[in-house]
Amino acid sequence: MKLTLKQLKQEATELWKVLNEVDGTDPAPDQFRKDIRQYGKLDGKADLRCRATWERACIAMEAASMLKSLENTDLVLYLHRPDTPFGIAYRDQILESVLSHKTGLLQIKNGLERLYRQPVEATDRANAIEFFSYLAQTHEVAGAFSPLALAG
């Protein structure tokens, strides 16, 4: 279920606050709209009247804040089974955004390895295998995980 425009704007506000907190910045209130335009750009344009701008901004901010604030294992677990309405609705787009960051693939790889080799919860190893399988089926990243051998 996709979020309404009102819900997206609320989500954007919360994500923007979280991202600034993670970055340790205290931006001026007028910075919000500038940042939404920046995160929501497509082909160099971002119209705040368009739902797609808000979706892209939320997805980009969610990915950025997760990469900066979550342990790699928590990042994998969230991407595998999101637990927020926004995460559930935009799971694949958030994953794409995480993978587009220069550290995204490495952080996922490290999280998968740790969940598989040093599970804390009884379900960690199974979650790592399931998410690895999902990645291998939906993204061409299997080569980056060759030494992992999670499937066996």
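It should be noted that the structure appears before, not after, this text.
To keep things clear, this report deals only with the structure shown in the data block.

Rules behind the numbers
Residues numbered from 1 in each chain as written. Predicted model: local features only at pLDDT ≥ 70, side-chain atom pairs only at ≥ 80, totals over all residues. Heavy atoms only, no water. Core = buried A, V, L, I, M, F, W, Y, C linked by side-chain atoms within 4.5 Å. Buried < 20%, exposed > 50% of the residue type's maximum accessible area, 1.4 Å probe, protein only. Helix = DSSP H or I, 4+ residues; strand = E, 2+ residues; numbered from the N terminus. Contact = heavy atoms within 4.5 Å. Axes fitted to C-alpha atoms, helices over the stretch in contact; angles between N-to-C directions. Nonpolar A, V, L, I, M, F, W, Y, C, P; charged D, E, K, R; others polar. Expected span 1.5 Å × (residues − 1). Phe/Tyr/Trp six-rings, centres within 6.5 Å; stacked < 30°, edge-to-face > 60°. Salt bridge = Lys/Arg side-chain N within 4 Å of Asp/Glu carboxyl O. Parallel < 35°, antiparallel > 145°, perpendicular 65-115°, else oblique. Arc of directions from axis to C-beta.

1. Some thoughts on the nonpolar core
- Counting residues in each nonpolar core, the largest one holds 38 residues, and the members touching the most others are Leu79, Phe86, Val98, Ile108 and Phe131.
- Here this core takes nine residues from helix α3 (residues 51-69), the largest share from any one element.
- Excluding its chain neighbours within four sequence positions, the residues that come into contact with Phe131 are Val76, Leu79, His80, Arg91, Leu95, Ile108 and Leu112.

2. Observations concerning the packing of helix α4 (residues 72-80) against helix α6 (residues 91-100)
- Running from N to C, α4 and α6 point in directions that differ by 145°, and their axes come no closer than 10 Å. Side by side, α4 and α6 meet where Leu75, Leu79 and His80 of the first sit next to Arg91, Ile94, Leu95 and Val98 of the second.
- When grouped by side-chain class, the residues that make up the contact of α4 with α6 number five nonpolar, one polar and one charged.

3. With respect to α3
- Compared with an ideal rise of 1.5 Å per residue, which puts 19 residues at 27 Å, α3 spans 27 Å between its outermost C-alpha atoms and is within 8% of the ideal.
- With 14 of 19 residues buried, α3 lies mostly within the body of the structure.

4. Examining unusual backbone geometry
- Even without glycine at this site, Asp43 takes up a positive phi of about 55°.
- Here Asp43 is to be found in the loop between α2 (31-39) and α3.
- Looking at Asp43, the relative accessible area reads 72%, which means it is exposed.

5. Focus: the packing of aromatic side chains
- A complete count under the given rule lists four aromatic pairs for this structure.
- Judged by centre distance (6.3 Å) and plane angle (25°), the rings of Phe131 and Tyr134 are stacked. One end of the pair is Phe131 and the other is Tyr134, both in helix α8 (residues 124-138) and three residues apart, which spans about a single turn. Tyr134 shares its class with Phe131; the two are buried.

6. Side note on the pattern of salt bridges
- Going through the model one piece at a time under the given rule, you end up with six salt bridges.
- Between Asp47 and Arg49 there is a salt bridge whose closest N-O contact spans 2.8 Å.

7. With respect to the packing of helix α1 (residues 5-23) against α2
- Between α1 and α2, the shortest axis-to-axis distance is 11 Å and the interhelical angle comes to 100°. By the angle between their axes, α1 is roughly perpendicular relative to α2. Residues Ala12, Thr13, Trp16 and Leu19 of α1 pack against Gln31, Phe32, Asp35, Ile36 and Tyr39 of α2.
- When the residues that make up the contact of α1 with α2 are grouped by side-chain class, the tally is six nonpolar, two polar and one charged.

8. Thoughts on α1
- In this model α1 runs 26 Å from its N-terminal to its C-terminal C-alpha over 19 residues, within 8% of the 27 Å that 1.5 Å per residue would give.
- Where α1 is concerned, the buried positions are Leu8, Ala12, Leu15, Trp16, Leu19 and Asn20. Around the axis of α1, the buried residues are gathered within 130° of arc, so they sit on the same side. Opposite the buried face of α1, at more than 90 degrees from it, the exposed residues are Lys6 and Glu21.
- Structurally, α1 contributes buried residues whose contacts are with α2, α3 and α5 (85-89).
- Where α1 ends, the next residue or the one after it, Gly24, has phi of about 75°, a positive value.

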